[in-house]
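Here is what each chain is made of, one letter per residue.
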Amino acid sequence: AAQLARAELQQAGTAIFARIDAVRSQTAPGTVTPESIATIEKILSDGDALIASAAPGNEGLPDVLYLAGAAARTLAGCYAISGRNDEALRSYAKGADYFTRAGEQAQADDCRNRASSLEQKLTGSLDAAAAQPLASLNKPGEGDPFARIKALMDLCDIAREAGDTF
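Residues numbered from 1 in each chain as written. Predicted model: local features only at pLDDT ≥ 70, side-chain atom pairs only at ≥ 80, totals over all residues. Heavy atoms only, no water.

Chemist: For this particular structure, what's the right way to read helix 4 (residues 85-101)?
Modeler: Since one α-helical turn is 3.6 residues long, residues separated by three or four positions face the same way. With 17 residues, helix 4 should reach 24 Å at 1.5 Å per residue; the first-to-last C-alpha distance of 24 Å fits that figure. By the burial criterion, the buried members of helix 4 are N85, A88, L89, S91, Y92, G95, A96, Y98 and F99. Remark: G103 follows helix 4 within two positions and exhibits a positive phi of approximately 80°. (Helix = DSSP H or I, 4+ residues; strand = E, 2+ residues; numbered from the N terminus. Expected span 1.5 Å × (residues − 1). Buried < 20%, exposed > 50% of the residue type's maximum accessible area, 1.4 Å probe, protein only.)

Chemist: Please explain the pattern of salt bridges as it appears in this structure.
Modeler: Between side chains of opposite charge, a pair can form when the charged atoms approach closely. Under the defined criterion, the tally for this structure stands at twelve salt bridges. D21 serves as the salt-bridge partner of R24, at 3.6 Å between the closest nitrogen and oxygen. A salt bridge links D97 to R101; the nearest nitrogen and oxygen atoms lie 3.6 Å apart. Here D97 and its partner R101 are both found in helix 4, four residues apart, which amounts to about one turn of the helix. When its relative accessible area of 39% is taken as the criterion, D97 is described as partly exposed. Residues joined in a network through salt bridges with shared partners are R19, K42 and D46. (Salt bridge = Lys/Arg side-chain N within 4 Å of Asp/Glu carboxyl O.)

Chemist: Sorry, what's going on with the environment of A68 here?
Modeler: Mapped onto the elements of the fold, A68 is located in helix 3 (residues 61-81). Separated by 20 residues in the primary sequence, A68 and D48 place their C-alpha atoms 7.9 Å from one another. Contact partners of A68, with chain neighbours within four places excluded, come to F17, L44, I51 and Y98. (Contact = heavy atoms within 4.5 Å.)

See below:
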């Protein structure tokens, strides 16, 4: 019975969140539309209803929460592109919550870092924006080489935003 409930929840979640594919090409700068935002909002609303209806111990719940987190992060990016920054920050927080509940700490941290980056862009605090990438570069011998590359790319973005050339 538990396996059946898991499979049914995963199927329902996949069906809901697969609808994002119809607007995936409308989530980048210059392509976001009010309609694509409304579509993702509706998907998240349907996903929230599914999550609320699931039994707490359902083993398929983490998968659905992960999909909801990804959709919330995508929606936050669309909001930010559209200048709807308060909504973007709330959606990043919601995405972080979904990912945390799904047990996906790295994804939750990504949402929090994106929210922090947006806040810093809005306040113009370039020193604060550089603090996290610099801290990650100063950790000796830590694992993933792509994390180092990402930190360097983040620092380049900060320098570009400041108008620095080097």
